Amino acid sequence: MKKNLFLTLFLCLFTVTALQAQNKRSSIPLKHGAHRIGKRTDAEMQRWREHGLGQFIHWGVYAIPGGTWEGKYYPGAAEWIRSWKEMPKDAYDNLYKQFNPTAFDAKKWAKQAKEMGANYMIFTTKHHDGFCLWPSAYTDYTIASSPYKKDIVKQVVDAYTNEGIDVHLYFSIIDWNYQGYRSSPPVTRQDSISYESFKQFTRNQLIELLTNYPTIKGLWFDGSWDKAWMNEAAWVDQLGNELRAMHPGLVIGSRFRADEFGKRHYDTNGDLIDDYDQTWERDLPNSIEDLNGSDWDCVMTVPENQWGYHSEWRGYVKTDYDLIEMMVKAVSMDGNFVINFGPDGKGNIRPEETELAQKIGEWMKVNKEAIYGTHHSNVKKQDWGYFTQKGNKLYLCVFNKPINNRLMIEIPKGGIDLLKACFLENNQEVEIKSAGRNKRNSSLYHVVLPDSYQVVRPFVIVVDTEQKGSDKDEYQQAKI
Ligand code: K80
């Protein structure tokens, strides 16, 4: 009796605390916070979620100096060279007069991305410098004023779309070229007028992009952290609604707008703003718990921190192995992995990147089934690598082959049965052996690799599974 009282008291307390926690999530009424709690459920977002691998391309006039100016090496990110004190801003702002990428071939880029296995790509229409790779009607600082003249965004959108690769447009809110742009909130009346014109300019350009390139699937915003922009929560929110209304299904990450308290990515109540978490730049979460149940992408550079073309990569350059592991890790936690390319001033993709694309593509050809449309598996992670899952298929993506050739799998009581295991690379079957139970009563299994198996690259074993018999037993019992 006493026990029951305690239990009741405990349950009451627990319920009150749980309710309070729930209340806290939405205790502050927000006009411009998240407009949805939890993931989007529509087909366009589902399509995005299943991409697995993407390509980022950073291209602009910064590709001409390529991180150096008059023999001086700039160690920072090449696309930021304009902010380097040794490069005169005036010299930078005149680079467009030399922008004539005669080797640019969008079809060639798209074919290479396809062969790498990318399902989507993100293209810089305008970086912080303000130079537009499309002939915008709202500024003269565009490709139309360069000797090249032709619309680059259009060629990229069409070529990738024709290859079946979804295109998302990168757009920087920061614009170092537009005279009305401000990073701090306007103080004087003149500032306010200038900033109003910048807001209209930004809106016009975004509407222009959606109008000119209706096949694109999303916008990838950057440079949205200025106080001036964050102060405009209501206006930016309204603009977002307008863009979505214009382009049903449009996918926008968490880097477009702040809520009315200046909170970015996650609003004041802790809810994700817009469609996916865009905080994972050059960074991967350690575990699914770091992700708040959100959709997310990770955008990654090949060298440490170069997005635009740098003529001289210094320091460690990621290998195909590194990038494949990062991609698998991202996918195993329900994220998309996006690898950046920085073509040179003539439009050539550098040989290092071409080689990486080929090597990743070779791996994808064999193992893409473990990447596309797969998601996080609840099967406990093991140190040999990562699990991904799709329906009844469990993928063991192996990066560290154990020296006993046994890949451990732990299945909690009442979980799944493991039926059959095969290498993805050649369909060769591998043995699954029971390895008893552990203290938590989980069933342990070993997928036993043949002693003769030579590892030359990360490999995948696909395991067919089915719901455990105990569910059936319970059903049987229920019938009696
Ligand atoms: C801007 C500012 C910082 C601090 C870090 C990165 C960036 C831009 N975002 C990447 C996607 C690149 O475009 C980089 O220039």
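Everything in this summary refers to the structure shown in the same document. Since the structure is predicted, the reported quantities are computational estimates derived from the model, not experimental observations.

### Things to note about the packing of helix 4 (residues 106–116) against helix 5 (residues 152–162)
Phase 1 of the analysis: Between helix 4 and helix 5, the least distance of the axes is 8 Å, while the angle of their chain directions is 40°. As summarised for this structure, helix 4 and helix 5 are arranged oblique, according to the angle between their axes. You can see that helix 4 and helix 5 cross each other, and the crossing is right-handed. Contacts from A106, K107, W109, A110 and A113 in helix 4 reach Q155, V156, A159 and Y160 in helix 5.
Phase 2 of the analysis: For the contact of helix 4 with helix 5, the class distribution of residues is seven nonpolar, one polar and one charged.

### Details of the site of the ligand
Phase 1 of the analysis: In the neighbourhood of the ligand, the contacting residues comprise H58, E79, W80, H127, H128, Y170, W220, D222, W225, E281 and W307.
Phase 2 of the analysis: Within the shell around the ligand, the residues separate by chemical class into five nonpolar, three polar and three charged.

### Focus: the pairing of strand 17 (residues 459–467)
Regular strands place side chains that alternate from one sheet face to the opposite one.
Phase 1 of the analysis: Alignment of strand 12 (residues 393–398) against strand 17, held across six bridges, turns out to be antiparallel. Bridge pairing in strand 17 places C397 opposite V460.
Phase 2 of the analysis: Taken together, the seven bridges between strand 14 (residues 416–423) and strand 17 define a ladder with antiparallel strand orientation. Bridge pairing in strand 17 places C422 opposite V462.

### A closer look at unusual backbone geometry
Phase 1 of the analysis: For K149, which is not a glycine, the phi torsion comes out positive at approximately 70°.
Phase 2 of the analysis: Judged by its relative accessible area of 53%, K149 falls in the exposed class.
Phase 3 of the analysis: Positioned with a positive phi, N292 is a non-glycine residue whose angle comes to about 55°.
Phase 4 of the analysis: Mapping N292 onto the fold places it in the loop between strand 8 (277–281) and strand 9 (296–300).
Phase 5 of the analysis: Under the relative-accessibility criterion, N292 is labelled exposed at 53%.

Cut-offs and rules
Residues numbered from 1 in each chain as written. Predicted model: local features only at pLDDT ≥ 70, side-chain atom pairs only at ≥ 80, totals over all residues. Heavy atoms only, no water. Axes fitted to C-alpha atoms, helices over the stretch in contact; angles between N-to-C directions. Helix = DSSP H or I, 4+ residues; strand = E, 2+ residues; numbered from the N terminus. Parallel < 35°, antiparallel > 145°, perpendicular 65-115°, else oblique. Left-handed = near helix turned anticlockwise from the far one by under 90°. Contact = heavy atoms within 4.5 Å. Nonpolar A, V, L, I, M, F, W, Y, C, P; charged D, E, K, R; others polar. Near = heavy atom within 4 Å. Pairing = 2+ DSSP bridges. Buried < 20%, exposed > 50% of the residue type's maximum accessible area, 1.4 Å probe, protein only.

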